[in-house]
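Understanding the architecture of this molecule
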Protein chains: 2
Amino acid sequence: MNIGEIARRAGVSRSTVSYALSGKRSVSEETRRRVQQVIDELGYRPNASARALANGRTNTIGLVFPPAGNHYTGMQLDFIGSVVEAAAAHDYDVLLSPSGADSDRSFQRLLAERRVDGAILMEIRLQDDRVDHLGEENFPAVCIGRTAQPEGSWWVGLDHTALTAACVSHLADLGHRRIAFVNRPEHLLRAGYESAHRGLDGFTEAAAERGLTVRTYRCGDDAPAGQECLERILREDPDTTALVTLNEAALGGLYRGLAMAGRQIPRDFSVTGVVAGRWAETVTPPLTAADVPAEQLGRLAVELLVERIGHPDAAPRHHLLTPPISLRASTGPAPGRR
Amino acid sequence: MNIGEIARRAGVSRSTVSYALSGKRSVSEETRRRVQQVIDELGYRPNASARALANGRTNTIGLVFPPAGNHYTGMQLDFIGSVVEAAAAHDYDVLLSPSGADSDRSFQRLLAERRVDGAILMEIRLQDDRVDHLGEENFPAVCIGRTAQPEGSWWVGLDHTALTAACVSHLADLGHRRIAFVNRPEHLLRAGYESAHRGLDGFTEAAAERGLTVRTYRCGDDAPAGQECLERILREDPDTTALVTLNEAALGGLYRGLAMAGRQIPRDFSVTGVVAGRWAETVTPPLTAADVPAEQLGRLAVELLVERIGHPDAAPRHHLLTPPISLRASTGPAPGRR
DNA sequence: CCGAGATGTCGAACCGGTTCGAAGAATGCG
DNA sequence: CGCATTCTTCGAACCGGTTCGACATCTCGG
C-alpha cells in the first residue's frame, strides 16, 4: 500500500502517481482519473515520514508548554485548544513538548531531529535562552509573550503592564486607596516570567501615579495558597479594600479567604485582575477582569508561525493585545464611600 | 550535518556510525570514541523523519482529544499534561489530534499517513466507530473510558457507575431523601458519552435501591448553564436537599445558584460529584467528591500503550479505577435532621 | 601451523516518497 | 512535409537514516 503499489495497479510509473497527486506537472485527464480510482479503492495515503524526508517539511509545529509541575490554568487549556484548531485549519499537526527540568532533551529533540517546521513557545521569560537560541539559528518560532528585548523576534502577547494599570485605575476610580497585588509564585518571578514582571510593573507604576497605598504578594498556583495569601493580606493591612491578581489558579482560594474573613464581595472588598473570561464566570460573584483572549492568542500565533515558515526571511511581526476590562460583579465602590 | 558528514569526518562508513550510535553491532572502543567526539563537536542528532522511514516507527503517540467546541475541563488539562510527561519518560512525543466535525480528516491523517505508532482516545462513547475502526485494523490504541463492549480493546477508565452510586450512598447516609443529578449536556448524552451514561445509571440504580426521590438534569458545560440548572432544580422540587454532578465546568454556576437562592452549603444543601481534586478545592466550601485521578489515568494509559506497541499480539489489558470519595466541606446532614 | 569462530568494518540495498532531465508522442506552424 | 513546441510519461537520483551479507583481521584450541 505504498506509491509503487498504486503505480503498478494503475499501470503507470511512481513519478506519475506523485505528479497526479501533487499537480506539480501536468498529467493527462485520463491517467489522473485512473490513478485516483486506484487510490480511492485502496484508501491510500502517502506516508508522512517519507514525504517529510523527501521535501524537508514535516507539516508539524511544536508547542512548547509548561511542565505539569506548574499548575495549569484554564487559560492555558483554552490556548492549547485554539492552537490545535488553528493549526489543523492550516494543515499542520501539533506536537507537544514539555519544557521543564530536562527541557534541553525534549526541546533539542524537536529542533535538531527536525520533527517540526516551527515552534510556539509558551511561558516566555524576560531573559529566555530558548528564544536566544532559536533566534541564532533563525528557526521559525513565535513566542507567547515578549522578552526584554523583543525586537528581533516574532511574538503575540498581552500588554500586562497596561492591563494591571487598567485594573488599578478601575479600583482607584471606585475610591479604593489601599490595594494588594497577588502575583504568581516566587519561583516563577525568580525565573523571570514575563507576565508576572510586567504585570507587577504596571500595577506599581499606576498605583504610584494615583498615590495609592499598595502591598504586593507572591502566591502559589492553587486554591489553598490563595486562601493563605488573602489571610496574610488582611493580617498585614486590615484596611485593604481591594486586590488585583494575575493568578487565576489561586482565585478560588482568594474568594474563600474573603468569605472566611467575613468580607463580602463587592460590598466590603473588590477583586479584579487578568483572567480568561470563561473562568472569571465560575466564581461568585463573577469576576470583573481583563479577559485574556486565549482563543485569539492561539489563532494569531499559528497564523504568524505559518507565515514565517512560508517566508523565512520576512521581517519580524507581532501582535500586542490589550483586551478591555469586562465589568462583572466583583468590584464596587470602596467601603465607606458613595 | 547528516550521518554521512559524521562518517566522513570520523573516517568511517555511514553504517559504522549507525552501529556506534545504536549499539546493535559491536564497534571497537576506539572507533566509537572517535565517532562520538565528532558528533559532540557538531551537535549532530539523527533526522527523525529518516529514522522513522527506515525502521517504521515514529516514536510518537497520538492523543485524540475533544474539539474546543466542547468546553474543556480542568480534569482534561491535567490528563493531557500527565500523558505528555509519561510519554516523554518513555521517549515518545505526543501529537494532538482534535476529534471533531471533520474528525475523519485529522484522524485518518494520524493513522493512514503513519504519523504515530499508537493512539490514546479521549471522550469515548458507548458506541464508538473510532474504536471499532481501530480494532479492525489492530492499530495500537488505548481508550480513556470503555465502550459498551470493551472486551477486545485496551482501556483505562473510571467506574462512573460505582462513583455516582457512592455519591448517592454518601448523601443517603446523611439523611438526604430528595436528590438531583446534574449531568453533562444533552448533546453529549445523545452522542453516547460513556461517563455521562454510566454515571447516570449508577445514580439511578443506587437511588432506587435506597428508595430516594430523584430528578435528573442535563446541563451545559459552563457556569451560566450551571446556575440556570440549579434554578430549575429548586423550581421543580423546592424540597431537594442535595445534588450529585459530573459536570465540572458547571460547578461554579451550581454554587452560585445556591448562593442566590439563599441556600447555604452544606447547612441547607449538600453538593457532591465526580471532579478532579485540584478543582474541587477551588470552590467554597471545598467540594466533597470522588477525585478523578487525572494524572494516574494519563500515566496508566501511556504505559498500556507503550506495552501494546512493543507487543502487538499481547492480550488486551485495562485498568478500572474507583477512587474513594474525599470528604471536604460541601456535604452535611440533611436539613431538619439532627 | 591451520582451521574455526569471534570481532570490526564496509558497501549496497532498502524504507516511500519527490523531483529532475530526458525521451517519445502529439500538435502547430510556415 | 519538416521542424519546433508542447504534452505526457518514465527512469534515475535523492532525502537520511538502518540493516544485511560479505570480507578482512585477530584469537584461540588442537
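Fair warning: this is a prediction, and the values are worked out from it, not measured in the lab.

All names here are of chain A. Running from N to C, helix α1 (residues 3-10) and helix α2 (residues 14-22) cross one another at 100°; their axes reach a closest spacing of 8 Å. Put simply, α1 runs roughly perpendicular to α2. When α1 is examined against α2, the residues I3, G4, I6 and A7 are found in contact with a partner set consisting of R14, V17 and S18. Of the residues that constitute the contact of α1 with α2, the class distribution is 4 nonpolar, 2 polar and 1 charged.

Take the protein's contact with DNA strand D next. Surrounding DNA strand D, one finds 28 residues, the nearest of these being T16 and T31 of chain A together with I3, S18 and R25 of chain B. Near the protein, within 4 Å, the atoms of DNA strand D are sugar or phosphate in 51% of cases. Between a phosphate oxygen of DNA strand D and a side-chain N or O atom of T31 of chain A, the distance comes to 2.3 Å. Between DNA strand D and R25 of chain B, the relevant distance is 2.3 Å, taken from a base oxygen to a side-chain nitrogen or oxygen of the residue. At the level of secondary structure, the elements contributing two or more residues to the surface near DNA strand D comprise α2 and α4 (48-55) of chain A together with α2 (14-22) and α4 (48-55) of chain B.

Bringing the packing of aromatic side chains into the picture now. Residue and element names in this part refer to chain A. Within the structure shown, the criterion is met by 3 aromatic pairs over all chains. On the numbers, 4.7 Å between centres and 25° between planes, the contact of F181 with F203 is stacked. Residue F181 is located in strand β6 (residues 178-183), and its partner F203 is located in helix α10 (residues 194-210); the two are separated by 22 residues in the primary sequence. Among the residues examined, F181 registers a relative accessible area of 0% and is labelled buried. Here F203 falls in the buried class, since its relative accessible area comes to 0%.

Let's shift gears to the nonpolar core. Counting residues in hydrophobic clusters, the biggest one holds 149 residues, and the most contacted among them are F79 and I120 of chain A together with F79 and I120 of chain B. Per-element tally for this core: the top contributor is helix α14 (residues 294-310) of chain B, with 9 residues. Listed in part, the 30 residues of the second largest apolar core include V64 and I124 of chain A together with F107 and W155 of chain B.

Here we come to α14 of chain B. In an α-helix, one turn spans 3.6 residues, which is why side chains three or four residues apart end up on the same side. Residue and element names in this part refer to chain B. If you check α14, its first and last C-alpha atoms are 25 Å apart, about what 17 residues at 1.5 Å a residue would give, namely 24 Å. Within α14, burial applies to A294, L297, G298, L300, A301, V302, L304, L305, V306, R308 and I309. Residues of α14 that are buried sit in contact with β1 (60-65), α5 (74-89), β3 (118-121), β4 (141-144), β5 (155-158) and β11 (318-321).

With that out of the way, let us pick up the pattern of salt bridges. Evaluated as defined, the whole model comprises 52 salt bridges over all chains. Measuring nitrogen to oxygen at the nearest pair gives 2.4 Å for the salt bridge that ties R317 of chain B to E307 of chain B. Of this pair, R317 of chain B sits in the loop between α14 and β11 while E307 of chain B is found in helix α14, placing the two residues 10 residues apart along the sequence. The exposure class assigned to E307 of chain B is partly exposed, which follows from its relative accessible area of 26%. Overlapping salt bridges, with partners in common, bring together R45 and D93 of chain A together with E113 and R115 of chain B in one network.

In this section: the environment of P335 of chain B. Residues and elements named next belong to chain B. Looking at the secondary structure, you find P335 in the segment after β12 (325-326). Look at P335 and you get partly exposed, because its relative accessible area is 39%. Distance from P335 to D268, taken between C-alpha atoms, is 5.7 Å for residues 67 residues apart in sequence.

Once that is clear, we can look at the protein's contact with DNA strand C. Taken together, 29 residues are adjacent to DNA strand C, and I3, R14 and R25 of chain A together with T16 and T31 of chain B come closest. In this structure, a phosphate oxygen belonging to DNA strand C sits 2.7 Å away from a side-chain N or O atom of T16 of chain B. In the model, a phosphate oxygen of DNA strand C is placed 2.5 Å from a nitrogen or oxygen of the T31 of chain B side chain. The set of elements that each furnish at least two residues to the surface near DNA strand C consists of α2 and α4 of chain A together with α2 and α4 of chain B. Of the residues contributing to the surface near DNA strand C, the split by class is 12 nonpolar, 11 polar and 6 charged.

Moving on to the side chain of E248 of chain A. All names here are of chain A. Looking at where E248 falls in the secondary structure, it is placed in the loop between β8 (242-245) and α12 (251-260). R278 is the oppositely charged side chain nearest to the buried, salt-bridge-free E248, at an N-O distance of 8.4 Å. Setting aside its immediate chain neighbours within four residues, E248 contacts T73, G74, M75, V275, A276 and W279.

About the thresholds
- Residues numbered from 1 in each chain as written.
- Chains lettered and ligands numbered in written order.
- Predicted model: local features only at pLDDT ≥ 70, side-chain atom pairs only at ≥ 80, totals over all residues.
- Heavy atoms only, no water.
- Axes fitted to C-alpha atoms, helices over the stretch in contact; angles between N-to-C directions.
- Helix = DSSP H or I, 4+ residues; strand = E, 2+ residues; numbered from the N terminus.
- Parallel < 35°, antiparallel > 145°, perpendicular 65-115°, else oblique.
- Contact = heavy atoms within 4.5 Å.
- Nonpolar A, V, L, I, M, F, W, Y, C, P; charged D, E, K, R; others polar.
- Near = heavy atom within 4 Å.
- Polar contact = N/O pair within 3.5 Å; in protein donor to acceptor, adjacent residues only side chain to side chain.
- Phe/Tyr/Trp six-rings, centres within 6.5 Å; stacked < 30°, edge-to-face > 60°.
- Buried < 20%, exposed > 50% of the residue type's maximum accessible area, 1.4 Å probe, protein only.
- Core = buried A, V, L, I, M, F, W, Y, C linked by side-chain atoms within 4.5 Å.
- Expected span 1.5 Å × (residues − 1).
- Salt bridge = Lys/Arg side-chain N within 4 Å of Asp/Glu carboxyl O.
- Lys, Arg positive; Asp, Glu negative; His and termini not counted.

So yeah, pure geometry; function would need other evidence.
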